[in-house]
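Observations on the model geometry
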Amino acid sequence: MLFVKPPLLVQIILAMFLGLLMGYYFSTEYSVIDNTANAFVTALQMTVLPYIVLSLVVGIGGLTPSKAKKVSKQSLLIILMMIAVVLFFIFSTPLSFPQWQHAEFYSNNTIQSVPEFSLVDLFISANPFNALANTLIPAVVFFSICMGLGLMKIKSKRQTLLMLSNLQQATANINGFIMKFAPLGIFCIGWRAAVTLDASQLDGLVVYMLSAIVLVTLLCFVVFPAIVATVTPFGYREIVSVSREPMITAFATGSFFSVLPVIVENTKKLLKQKYPQDSDLEKISEIIVPISFSLPVGGKLLALLFVLFAAWFSGAHISFTDHINLVVAGLPQLFGSTTLAMQNLLELFNVSGAMFDFYLVAENLIGARLSAIFSVVFSSCLPLLIATAMLKRFTIKWRVLLRNLAIIPLVSVLAFISLRFSFDTISHQYQGYTKFIERDFLFTGVESNYLENSPANVVSKPTFSPVLKRIQQRGFIRVGYFRDDLPYAFHNNNGKLVGFDIEIMNQLAIDLNVNVEFVKIFHHQAEALLQSGYLDITTGIPVIPDNMTKFTLTVPYSQQSLAFIVKDERRVEFKQWSKIIENKALIIGIPETFFYQTAVERNFIHNKAWKISTPRLFFKEKHQHFDGMLFGAAAASAWTLLYPEYTVIVPKPVLAPISMAFPINHNDQAFELFMRNWINMKQQSNVIDKLFNYWISNKAPVKANISK
């Protein structure tokens, strides 16, 4: 029996699974594998932009003005109806989400200012060639539509259309040739995916990924094929056959963009088979499919699901008005890249920008692939519906309709119930506090001693003994650390004193070749203990005038942006500085280290600002009359790990960050100069950055056994 070469679709599926298996088994990413995968994806994308331009120009330019008007009306109505169906299922999905607590470590995204979104800049480019060179798809699509409309009115356009049509077919032929190498390319992509997949990244995203998988499966294989099969002459198998090959390729590559030519050609063939008498219908695929890439349809709408997930995961309250706002204000954002739009979308629910990191992880794991699959099905169904509408061939198959009216709701309800049941069986425990409290030093430390209190009989008169000299004579540096100073100084689960500032002081002791003694102090004790010579230095405080008048401060070693800690359900009240200042009913707590008297008197005119000795008081029951606490964003994020029912809000516009510095003795220029050069040295060698990322942002270190 002769060997029969399997169809390309079967080859692609086998290649993907074989690549995943080989990557998992060898766990090594070879350069030849990576380069081959990149070459295949790049080659697929090579013809897409020319194909989009040529398809739109030929498709629109070949129509008469009356037919173009008819196509646009039919297309707009059908697209809106399809979007409505997708939104219904997206808004239904969060009903399956369980009740979990969550809090986040500090992230730069928390304070990042999101650029203003401009539809004009997105769609209109002064230089179309620049849009082509930089893959600005909406601008390319808009320019191509304009060119097609301009060509539509030219009478002697037959030769031009013939030439452009030949070029379009040439690009389609190139794409078809590249697809012959799809098994090899997808094998390499599968290998690379298996090697680079980090199972630890799934933590906290299981709910989103499972929800997205169920939603996409439901829409791609049940809802949309059933709708098209019910009202058009096309059967379920025909609809699935048009999209199955590009679906698998899109899933493997994570790119809907790469398979646009395949979708156009497949839908054109199906339309030609079903409606051979009307050749103009082929142009619908050439117009609609490329345009759909820039519209907020298909897989782009899954970004809204992530926003709902992020709001739920962050504990944000979601009302009916919020859903309306998400549709009205959110859909225009999706004309461009969903990655660029996500930070704006998160702000619609006042969700912390740190959730953007979660989005990137989800996209890299599976989100982009699910989005690509759904976009393929959406764009495959769209021209079939529009072509049928133009020919007025919509015919309800009553038997199929009755069957689908029973199957779709039943399958949908079972899917969401199964999701909720699955989530409820997951033994989820809040891990934020555990991850925070279990950390130890990043670098090597020195021998340390801890004192719970400073001696009561310390002489308060100033001392002029050089600090560096007494440190060497004593054999250790004595450091004062403040109580409740998360994440700069705290005791971990083993009782060891750790934190950002504590480890910096350990590095200082190492470079001075001495040990270190830590003394717990109150803020009001620091000035006298430094002046007496009992303390050599303390952990950091904000560089504000009130502190500058009391202490001599080193050069800054870090920064904090101003933020508010508030209950999750009240985050919307603290979104804008202008609204905070004008709200007469607010009572705001400010820890004493951040209390800047002049600024408080100048800005908090209508509401009340109270100085509190420690941030811990804000969370006590007797201080629940406080509406929010003004604090540094990095420190505030650490407190929400202990109290996850609270959240961190950085009001807009984001103010300039406040520097952090170490208080030292007033009268020791030599020690001040030493600390200036030492901090600069540690900043240049990235030691302080590594410690910041570890203690503040909870970023896992690459290597942490060598002290610099």
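The structure presented is a predicted model; accordingly, all values stated were derived computationally and were not measured.

1. Focus: the overall build of the chain
Each helix and strand in the chain was counted, giving 28 helices and 16 strands. Within the chain, the proportion of its 708 residues that are buried is 53%. Sequence-distant contacts, at least 24 apart, represent 83% of the contacts inside the chain between residues at least 6 apart. Within the structure as shown, the chain displays about 32400 Å² of accessible surface, and the carbon and sulfur contribution to it stands at 60%.

2. Comments concerning the pairing of strand β2 (residues 476–482)
Within β2, six of the seven residues are buried, leaving the element largely enclosed by the surrounding structure. As paired strands, β2 and strand β6 (residues 537–538) are joined by two bridges and run parallel to one another. By the bridge assignment for β6, Gly480 is matched with Thr538.

3. Concerning the packing of helix α21 (residues 500–512) against helix α28 (residues 687–695)
Running from N to C, α21 and α28 point in directions that differ by 150°, and their axes come no closer than 10 Å. As summarised for this structure, α21 and α28 are arranged roughly antiparallel, according to the angle between their axes. Crossing hand, α21 versus α28: right-handed. On α28, the residues that touch Phe500, Glu503 and Ile504 of α21 are Ile688, Leu691, Phe692 and Trp695.

4. Side note on helix α12 (residues 260–274)
An ideal rise of 1.5 Å per residue puts 21 Å on 15 residues; α12 measures up with 21 Å between its terminal C-alpha atoms. Every buried residue of α12 is listed here: Leu260, Pro261, Val262, Ile263, Val264, Glu265, Thr267, Lys268, Leu270 and Leu271.

5. Quick notes on the sheet that holds strand β1 (residues 448–451)
If you walk across this open sheet you meet the four strands as β1-β5-β2-β6, and the pairing is parallel. Every other strand in the sheet has two partners, leaving β1 and β6 as the edge strands with one partner each.

6. Digging into the sheet that holds strand β7 (residues 541–542)
Read across the open sheet, the three strands follow the order β7-β15-β9; overall the sheet is antiparallel. The strands lining the two open edges of the sheet, one partner per strand, are β7 and β9 (558–560).

7. Quick look at the packing of α12 against helix α13 (residues 282–294)
One can describe the packing of α12 onto α13 by two numbers: an axis separation of 9 Å at closest approach and a directional angle of 150°. The angle between the axes of α12 and α13 places the two elements in the roughly antiparallel class. The two elements α12 and α13 cross, and the hand of that crossing is right-handed. In this structure, α12 contributes Leu260, Ile263, Val264, Thr267, Lys268, Leu271 and Lys272 to the contact, and α13 contributes Glu282, Ser285, Glu286, Val289, Pro290 and Phe293. Class assignment for the residues of the contact of α12 with α13 results in seven nonpolar, two polar and four charged.

8. Section: the nonpolar core
Within the largest apolar cluster, 111 residues are counted, with the highest numbers of intra-cluster contacts made by Phe224, Leu304, Phe306 and Phe309. Tallying contributions element by element places helix α17 (residues 355–390) first for this core, with 19 residues.

9. With respect to the confidence of the model for the chain
Summary statistics for the chain give a mean pLDDT of 80 and a share of 86% for residues scoring 70 or more. Here helix α19 (residues 432–437) stands out as the least confident element of the chain, with mean pLDDT 71; β6 is the most confident, with 94. This stretch, residues 105–109, has a pLDDT under 50; its non-local contacts, to residues over four places away or in other chains, come to 24 contacts. Between residues 702–708, whose pLDDT stays under 50, and residues either more than four places distant or in other chains, the model counts 14 contacts.

10. What to know about the pairing of strand β14 (residues 646–649)
The side-chain alternation of β14 yields two buried faces, one formed by Tyr646 and Val648 and the other by Thr647 and Ile649. Bridging between strand β10 (residues 562–567) and β14 involves four bridges; their strand directions are antiparallel. Counterpart to Lys567 in the pairing with β14 is Tyr646.

11. Topic: the packing of aromatic side chains
Overall, the coordinates contain 28 aromatic pairs when judged by the stated rule. Taken together, the aromatic side chains of Tyr488, Phe500, Tyr557, Phe662 and Phe692 make up a single cluster linked through ring pairs. Positioned above the aromatic ring of Phe476, the side-chain terminus of Arg474 is 5.3 Å from the ring centre.

About the cut-offs
- As a convention, each chain's residues are numbered from 1 in the sequence order in which they are written.
- Local features in a predicted model are, by the rule used here, given only for residues with pLDDT of at least 70; side-chain atom pairs are given and counted only at 80 or more, and totals for whole chains, interfaces and linings are based on all residues.
- Values shown for side chains rest on all heavy atoms present in the structure; no hydrogens or waters enter the calculation.
- Every helix listed is a DSSP run of H or I at least four residues long, and every strand listed is a run of E at least two residues long, numbered separately from the N terminus.
- Think of it in three bands: with a 1.4 Å probe and only protein chains considered, a residue is buried below 20% of the maximum accessible area for its type, exposed above 50%, and partly exposed in between.
- The contact criterion used is simple: two residues touch if any of their non-hydrogen atoms lie within 4.5 Å.
- Computed with the Shrake-Rupley method and a 1.4 Å probe, the accessible areas treat only the protein chains shown as cover for residues.
- Note on pairing: DSSP must find at least two bridges between two strands before they are called paired.
- Only the contacting stretch of a helix is used when fitting its axis, a line to C-alpha atoms as for every element, and angles between N-to-C directions run 0 to 180 degrees.
- Angles are sorted into four bins: roughly parallel if under 35 degrees, roughly antiparallel if over 145, roughly perpendicular if 65 to 115, and oblique for all others.
- For any helix crossing, the convention is left-handed if the near helix is rotated counterclockwise from the far helix by under a right angle, and right-handed if that rotation is clockwise.
- A helix is expected to reach a length of 1.5 Å times the quantity of its residues less one.
- In the scheme used here, Gly and all other residues not listed as nonpolar or charged are polar, with Ala, Val, Leu, Ile, Met, Phe, Trp, Tyr, Cys and Pro taken as nonpolar and Asp, Glu, Lys and Arg as charged.
- Within this scheme, the nonpolar core is defined by two criteria: the residues are buried Ala, Val, Leu, Ile, Met, Phe, Trp, Tyr or Cys, and they are joined through side-chain atoms within 4.5 Å.
- Every residue gets a pLDDT, meaning the predictor's confidence in that residue, from 0 to 100.
- Between rings of Phe, Tyr and Trp, where Trp is taken as its six-membered ring, a pair exists when centres lie within 6.5 Å; planes separated by under 30 degrees are stacked, by over 60 edge-to-face, and by other angles tilted.
- Charge-over-ring contacts are defined here by two conditions on Lys NZ or Arg CZ: a distance within 6 Å of the ring centre and an angle within 35 degrees of the ring normal.

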